[in-house]
Amino acid sequence: MKILVADKVHQAGIDALIAAGYDVDVKLDLSEAQLIDIIPAYDAIAVRSAVTVTRPIIEAGTNLKVIGRAGVGTDNIDKEAAADRGIEVVNTPAANVVSAAEQTFALMLACARNTCQANASMHEGRWDRAQYTGLELCGKTLGIIGFGKIGTLLAHRAKAFGMTVHAYDPYCDPDYVAQYGAILLPSLDELLQTSDVISVHLPKTPETTNMICDEQIAKMKDGVIILNVARGGICSEQALLDGLNSGKIWSVGIDVFDPEPPVDCCLAKSDRAVLTPHLGASTKEAQVRAGTQLADAIVDVLAKFS
Ligand code: MLT
């Protein structure tokens with residue numbers, strides 16, 4: 001059987017697929033038309049977040065049995081089209097979570113302490129100590145929207161920094177959230193009104209798209225920090241920029257964009273925006289885990305056909 005690796009999946013995962021006896025082709029940066037052209041030859045396709053597996057690709061995949069996604073989110077795969085054709089979609093839900101939580105924490109600290117702006121000023125030969133007075137995280141309240149695996153890991157780290165942790169997640173109960181030292185709030189509004197730092201950890205769905213807009217920002221405390229290491233478009237980039245320009249928002253830390261790569265990202269106009277190019281899962285450790293776990297999941301599906 002043949003497997004197409006169409007995105008930057010770690011070599012450890014590719015080696016595992018080859019060791020399992022599959023014929024593996026690595027073809028990166030293909031357009032949708034190119035994928036449609038070659039997909040009939042393959043039994044499986046493996047991607048990360050950079051390739052969108054659309055309905056036309058899935059419908060052209062007449063031999064396709066499984067679509068593998070190295071990572072948590074499967075929003076770049078047309079799951080309805082896959083289900084219509086009886087093709088399984090597998091992912092690696094736990095492989096990247098520590099890296100994503102650590103990236104969120106890195107952005108939180110960078111926002112609070114002006115780390116990136118101060119670094120840029122040093123590289124320009126300046127010594128602007130007074131300009132970069134920051135904020136302490138200790139004693140502040142972190143509001144986590146979406147208390148899944150990444151949310152719980154973030155809560156654990158925030159507690160170690162002496163933060164109070166609030167969570168909003170309609171799918172969790174208070175006892176579960178309390179295990180992580182956090183307090184479940186009954187409404188999003190309460191979280192918006194009480195948090196000094198707000199971080200979203202949600203999948204991208206029609207309900208979560210633009211969930212953080214002007215209206216929600218208006219309800220937040222003055223000087224709030226907003227973080228998005230989940231999916232681009234959950235926070236409106238224009239609303240964040242307006243909040244930064246008005247002084248309502250202290251800083252934002254944004255790792256994900258809509259689209260990716262961003263086209264004329266408005267946030268790049270503000271030096272209070274700390275921006276990274278979707279690095280949440282990009283650690284050596286997470287990429288090895290995602291690659292090998294994905295290989296195992298693909299092999300499990302293909303084994304049913306041999
Ligand atoms: C994820 O959903 O786990 C990440 O977005 C994966 C990636 O960085 O490609």
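Computed from a predicted model, the values in this text were never measured in an experiment.

Inside soluble globular proteins, nonpolar side chains tend to come together where they are buried. With 30 residues, the main nonpolar core has Ile145, Ile226, Leu240, Val252 and Leu267 as its most contacted residues. Put simply, the parts of the chain that give this core at least two residues each are helix H9 (188-194), strand S9 (197-200), strand S10 (224-228), helix H11 (237-246) and strand S11 (249-254). Broken down by element, the residue count for this core peaks at 4 residues, all from H11. Excluding residues within four positions of it along the chain, isoleucine 226 makes contact with Ile198, Ile217, Met220, Cys235, Leu240, Ile249, Ser251, Val252, Gly253 and Ile254. Leu107, Ala112, Phe147 and Ile225 belong to the second largest nonpolar core, which has 24 residues in total.

We now examine the sheet that holds strand S2 (residues 23-26). As a general point, the strands of a sheet are linked pairwise by backbone hydrogen bonds and lie either parallel or antiparallel. If you walk across this open sheet you meet the 5 strands as S2-S1-S3-S4-S5, and the pairing is parallel. Two strands in the sheet have a free side with no partner beyond their single neighbour: S2 and strand S5 (88-91). With strand direction ignored, the average angle separating the axes of adjacent strands in the sheet is 20°. Contacts between helix H1 (residues 11-19) and the sheet are confined to strand S1 (2-5) and S2, with S2 contributing the most and set at about 150° to the helix.

As a further point, take the pairing of S2. Alignment of S1 against S2, held across 4 bridges, turns out to be parallel. Bridging from a neighbouring strand, lysine 2 pairs with aspartate 23 of S2.

In terms of burial, S10 is largely enclosed, as 5 of its 5 residues are buried. Of the two faces of S10, the one lined by Val224, Ile226 and Asn228 and the one lined by Ile225 and Leu227 are each fully buried. Pairing between S9 and S10: 4 bridges, direction parallel. Along S10, the bridge assignment pairs valine 197 with isoleucine 225. Taken together, S9, helix H10 (residues 214-219) and S10 form a β-α-β motif whose crossover is right-handed. Each parallel crossover has a hand, and for S10 linked through H11 to S11 it is right-handed.

This brings us to the side chain of serine 199. Here serine 199 shows up in strand S9. Polar side-chain contacts of serine 199 include one of 2.7 Å to the side chain of histidine 201. Filtering out sequence-adjacent residues up to four positions away, serine 199 remains in contact with Thr104, Leu142, Gly143, Ile144, Ile145, Leu154 and Leu227.

Below, the discussion takes up the site of the ligand. Neighbouring residues of the ligand: Arg48, Ser49, Arg69, Gly71, Val72, Gly73, Asn96, Arg231, His278 and Ala281. When the ligand sits alone it has 270 Å² of accessible area, and the protein chains cover 94% of it. Considering only residue class, the shell around the ligand consists of 2 nonpolar, 5 polar and 3 charged.

On to the pattern of salt bridges. Taken as a whole and assessed by the stated rule, the structure comprises 13 salt bridges. For arginine 55, the salt bridge is made with glutamate 59, and the minimal N-O distance between the two is 3.0 Å. Of this pair, arginine 55 and glutamate 59 both sit in helix H3 (residues 55-60), 4 residues apart, which is roughly one turn of the helix. Given a relative accessible area of 43%, glutamate 59 falls into the partly exposed group. The salt bridge partner of glutamate 215 is lysine 219, with a shortest N-O separation of 3.8 Å.

Conventions we followed
- All residue numbers refer to positions counted from 1 along the written sequence of the respective chain.
- Per-residue local features of the predicted model are confined to residues with pLDDT of at least 70, and side-chain atom pairs are confined, for both listing and counting, to 80 or more; whole-chain, interface and lining totals are unaffected and use all residues.
- The basis for every side-chain value is the complete set of non-hydrogen atoms in the structure, without hydrogens or water.
- Here, the term nonpolar core denotes a set of buried Ala, Val, Leu, Ile, Met, Phe, Trp, Tyr and Cys residues that are joined through side-chain atoms within 4.5 Å.
- Think of it in three bands: with a 1.4 Å probe and only protein chains considered, a residue is buried below 20% of the maximum accessible area for its type, exposed above 50%, and partly exposed in between.
- Strands here mean DSSP runs of E at least two residues long; helices mean DSSP runs of H or I at least four residues long; both are numbered from the N terminus.
- Two residues form a contact once any of their heavy atoms are found within 4.5 Å.
- Pairing between strands is defined by DSSP: at least two bridges between them are needed.
- Note on method: axes are straight lines fitted to C-alpha atoms, helices fitted across the in-contact stretch only, with angles between N-to-C directions ranging 0 to 180 degrees.
- Assignment of crossover handedness uses the view with strands pointing away from the viewer, where a clockwise path from the first strand over the helix to the second indicates a right-handed crossover.
- Pairs of N or O atoms are called polar contacts if they sit within 3.5 Å, as long as, within protein, a hydrogen donor faces a hydrogen acceptor (for residues adjacent in sequence, only side-chain-to-side-chain pairs).
- Throughout, near means a residue has at least one heavy atom within 4 Å of the molecule or strand.
- Reported accessibility uses the Shrake-Rupley method at a 1.4 Å probe radius. Residues are deemed covered only where the shown protein chains occlude them.
- For this classification, the nonpolar set comprises Ala, Val, Leu, Ile, Met, Phe, Trp, Tyr, Cys and Pro, the charged set comprises Asp, Glu, Lys and Arg, and every other residue, Gly included, is treated as polar.
- We count a salt bridge whenever a side-chain nitrogen from Lys or Arg sits within 4 Å of a carboxyl oxygen from Asp or Glu.

This is a description of form; function is not addressed.
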